[in-house]
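# Structural characterization, general
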Amino acid sequence: MTEVEVKKAQESLQDRLAQVVELLQRQRVVEDLTHRQEGAHHDLVENLVHRQNLVELQRKLDDLHPADIAYILEALPLEDRLTVWQLVRSDRDGDILLEVSDAVRQSLIADMDDHELLAAAKEMDADELADLAPELPRDVIHELMETLDAQQRERVRSALSYDEEQVGALMDFEMVTIREDVSLEVVLRYLRRLKELPNHTDKLFVVDYDGILKGVLPIKRLLVNDPEKKVAEVMATDPVSFHPEEDAYDAAQAFERYDLVSAPVVDKNERLVGRLTIDEMVDLIREESESEVLNMAGLREEEDIFASVWRSLRNRWAWLAINLITAFVASRVIGLFEGSIEKLVALAALMPIVAGIGGNSGNQTITMIVRAMALDQVSPGNTSRLMRKELAVSLLNGLIWGGVIGAVAFWLYGSWSLGLVMTAAMTLNLLLAALMGVLIPMTLMRLGRDPAMGSSVMITAVTDSGGFFIFLGLATLFLL
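Conventions used here
Residues numbered from 1 in each chain as written. Predicted model: local features only at pLDDT ≥ 70, side-chain atom pairs only at ≥ 80, totals over all residues. Heavy atoms only, no water. UniProt positions renumbered as here; feature names shortened; annotations may be inferred. Helix = DSSP H or I, 4+ residues; strand = E, 2+ residues; numbered from the N terminus. Buried < 20%, exposed > 50% of the residue type's maximum accessible area, 1.4 Å probe, protein only. Contact = heavy atoms within 4.5 Å. Areas by Shrake-Rupley, 256 points an atom, 1.4 Å probe, with all protein chains shown as cover. Core = buried A, V, L, I, M, F, W, Y, C linked by side-chain atoms within 4.5 Å. Pairing = 2+ DSSP bridges. Phe/Tyr/Trp six-rings, centres within 6.5 Å; stacked < 30°, edge-to-face > 60°. Polar contact = N/O pair within 3.5 Å; in protein donor to acceptor, adjacent residues only side chain to side chain. Axes fitted to C-alpha atoms, helices over the stretch in contact; angles between N-to-C directions. Parallel < 35°, antiparallel > 145°, perpendicular 65-115°, else oblique. Left-handed = near helix turned anticlockwise from the far one by under 90°. Right-handed = clockwise from strand over helix to strand, strands pointing away. Patch = residues over 30% accessible without salt bridge, like charges linked within 9 Å, V, L, I, M, F, W, Y side chains within 5 Å. Salt bridge = Lys/Arg side-chain N within 4 Å of Asp/Glu carboxyl O. pLDDT = per-residue confidence, 0-100.

For the chain, an unreviewed UniProt entry supplies the name Magnesium transporter MgtE and the organism Pseudomonas oryzicola. Listed in UniProt under the heading Function (unreviewed entry), the comment for the chain reads: "Acts as a magnesium transporter." Taken directly from UniProt, the Sequence similarities (unreviewed entry) text for the chain runs: "Belongs to the SLC41A transporter family."

Along its length, the chain carries 22 helices and five strands. Each of the 480 residues in the chain was classed as buried or not, and the buried ones make up 42%. In the chain, once contacts between residues fewer than 6 apart in sequence are set aside, the share between residues at least 24 apart is 66%. By element, 55% of the accessible surface of the chain is carried by carbon and sulfur atoms, the whole surface being about 26900 Å².

So, about the nonpolar core. Phe 242 and Leu 276 are the most contacted members of the largest nonpolar core, which has 57 residues in total. Considering every element that reaches this core, the biggest residue donor is helix α15 (residues 248-258), with five residues.

A separate point is the pairing of strand β3 (residues 213-218). Where burial is concerned, most of β3 is hidden: five out of the six residues are buried. The hairpin formed by strand β2 (residues 203-207) and β3 contains five residues between the paired strands, and Gly 211 there has a positive phi angle of roughly 80°.

Moving on, we get to unusual backbone geometry. Leaving glycine aside, a negative phi is the common case for residues, and trans is the common case for peptide bonds. For His 200, which is not glycine, the phi torsion reads 60° and is therefore positive. Tracing the sequence through the fold places His 200 in the loop between α12 (184-193) and β2. The class for His 200 is partly exposed, based on a relative accessible area of 35%. Positive phi, close to 65°, is recorded for Glu 270, a residue that is not glycine. Within the element layout of this structure, Glu 270 appears in the loop between β4 (262-266) and β5 (272-277). Relative accessible area serves as the criterion here: at 35%, Glu 270 is assigned to the partly exposed category.

The full count for this structure, using the stated rule, is two aromatic pairs. Plain terms: the ring middles of Phe 242 and Phe 255 are 6.0 Å apart, the flat faces sit at 20° to each other, and that makes the pair stacked. Residue Phe 242 is located in the loop between α14 (231-234) and α15, and its partner Phe 255 is located in helix α15; the two are separated by 13 residues in the primary sequence. Judged by relative accessible area, which is 4%, Phe 242 ranks as buried. Using a relative accessible area of 3% as the deciding quantity, one classes Phe 255 as buried.

Turning to α15, its buried residues number three or more, namely Ala 248, Ala 251, Ala 252, Gln 253, Ala 254 and Phe 255. By the N-cap criterion, in which a side-chain oxygen at the helix start approaches the backbone nitrogen of a residue two or three places on, α15 is capped by Asp 247, the distance to Tyr 249 being 2.9 Å. Asp 259 occupies a position one or two residues after α15 and carries a positive phi of about 55°.

Glancing now at the UniProt feature "transmembrane region" (unreviewed entry) in the chain. The UniProt record marks residues 317-337, 349-370, 391-413, 419-445 and 457-479 with the feature "transmembrane region" (unreviewed entry), using the residue numbering of this structure. Annotated as 100% helix and 0% strand, the span residues 391-413 places its first and last C-alpha atoms 31 Å apart. Structurally, residues 419-445 is divided into 100% helix and 0% strand, and its ends, taken at the C-alpha atoms, are 40 Å apart.

This paragraph deals with the environment of Glu 245. Its location among the elements puts Glu 245 in the loop between α14 and α15. Measuring from C-alpha to C-alpha, the distance between Glu 245 and Asp 163 comes to 8.5 Å, with 82 residues separating the pair along the chain. What Glu 245 contacts, discounting residues up to four positions off in sequence, is Tyr 162 and Gln 166.

Axis separation between helix α19 (residues 346-374) and helix α20 (residues 383-413) bottoms out at 12 Å; the angle between their running directions is 155°. With respect to each other, α19 and α20 are oriented roughly antiparallel. The two elements α19 and α20 meet at a crossing, and its hand is right-handed. For the pair α19 and α20, the contacting residues are Ala 346, Ala 349, Leu 350, Ile 353, Ser 361, Thr 365 and Ile 369 in the first and Leu 386, Glu 390, Ser 394, Ile 405, Ala 409 and Tyr 413 in the second.

Another aspect to go through is the sheet that holds strand β1 (residues 177-178). Judged by pairing direction, the sheet is mixed, and its three strands sit side by side in the order β1-β2-β3 without closing on themselves. A strand with exactly one partner marks an edge of an open sheet, and here the two such strands are β1 and β3. Sheet topology places β2 next to β3; five bridges connect them, and they run antiparallel. Across the sheet, residue Val 206 finds its bridge partner in β3, namely Gly 215.

Turning our eyes to something else, we now look at the pairing of β2. Most of β2 sits inside the fold, with five of its five residues counted as buried. Taking every second residue as pointing to the same face, both faces of β2 are buried, with Lys 203, Phe 205 and Val 207 on one and Leu 204 and Val 206 on the other. Summarising the sheet, β1 and β2 pair through two bridges and their orientation is parallel. Within β2, the residue paired with Ile 178 across the bridge is Val 206. Viewed along the sheet, the connection from β1 through α12 into β2 turns out right-handed.

Within the element layout of this structure, Gly 215 appears in strand β3. Separated by 24 residues in sequence, Gly 215 and Pro 239 have C-alpha atoms that sit 6.3 Å apart. Apart from the residues lying within four places of it in its own chain, the contact partners of Gly 215 are Leu 204, Phe 205, Val 206, Met 235, Ala 236, Thr 237 and Pro 239.

Residues Leu 396, Ile 400, Trp 401, Val 404, Val 408, Trp 411, Leu 412 and Tyr 413 make up a contiguous nonpolar surface patch of roughly 880 Å² in combined accessible area. On the secondary structure map, Tyr 413 appears in helix α20. Look at Tyr 413 and you get partly exposed, because its relative accessible area is 38%.

Here we come to the confidence of the model for the chain. Put simply, the chain has an average pLDDT of 85, and 89% of its residues get 70 or more. Here residues 1-7 is modelled with pLDDT under 50, and outside its nearest four sequence neighbours on either side it reaches one contact, counting other chains as well.

So this is what it looks like as structure tokens:
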């Protein structure tokens, strides 16, 4: 590895982003100074400075991987993003569009004309085109399909026929197939004649003359066995395979469970139609994880951090409206006990503690339940046991930490009865949080919704209102 390669490897993504941002800022400063100067050759100087800065920035971008450029584009405001995007070489547009997030991709596509979109799409494989097609203008898709050969056109249509959450939408059509009755030496000669192997080729797919999958030949078996042996003697006859209609997330879990790099996709007649690769599965798991985090916060979709105010507002308003309603309910609960609070001001200082700890505990429970659901670890047979376990944990936490805060309340206000009420309220609210932490995601799942959808918003609403009611109710009953 050369000194330049070592330096590049040591640079972090943040370093590369910082360098691009510095070049953009330098361009703005220099151009601003040049613009203020007057003279006969003002326009010529300004144009030369502009070109010099852009050339330096373009040279930097040419050295970066498409995934790194995608990261940089996502981290830049819209104006700077489009400036950088215009400097990217046209032959790299397709790779970068596939790497950026959906929200950022929309802003980039909106800045491209039909000719640029067609040029970028022509460099893509069928499965990549299927990923990008839903976001392209209809006339561009129509013109693009006409430029494809019959096989590519059929592959794109096949991928588009499946839902985005199915295996068929993610499968790759680039793969190497061989026959079982040839020798390993013949296979090796065949591979050497190929210009290159498809990415993530860790196995070859063994099919008969009708395309029926018979097994797979791992590359490591091909390399270490006697070249005179037949493929049928060394191939694996029971590979992990998938059907196009299967759930893609289940396939991703199988990839993780069996440490797969690639796997065949077969139709109902066991005919090989494509393959899944580890890169698609990693992207899917990351997207699912990000979606879960957004859903728990009540966000409807992935949001470009530099999106317009109106777009961000539309993405966030729904659950904020629900949160406003629940906050109003909580305030009315407090209003029911205004007389108690006036008589014992300490209640106003202590009641947020009960509600806050309850919300935190409920979010912990929901996070564990949603994760278990995602891993298919929750079933009707273990639901009651799971409920008992969470209630037991909350009971112990309530007694322990409720006792601590009860002791603190006694120390601050000199009332042992207030300390006992604090302990009891804390324990009861934690039990409520555990109960709702299990019921909310399970109810959402039974209704066919994402278990994480707004769950943190709902659990906070329940524990706030419940915590206030329990604490103020107990205080009114036993202290006043």
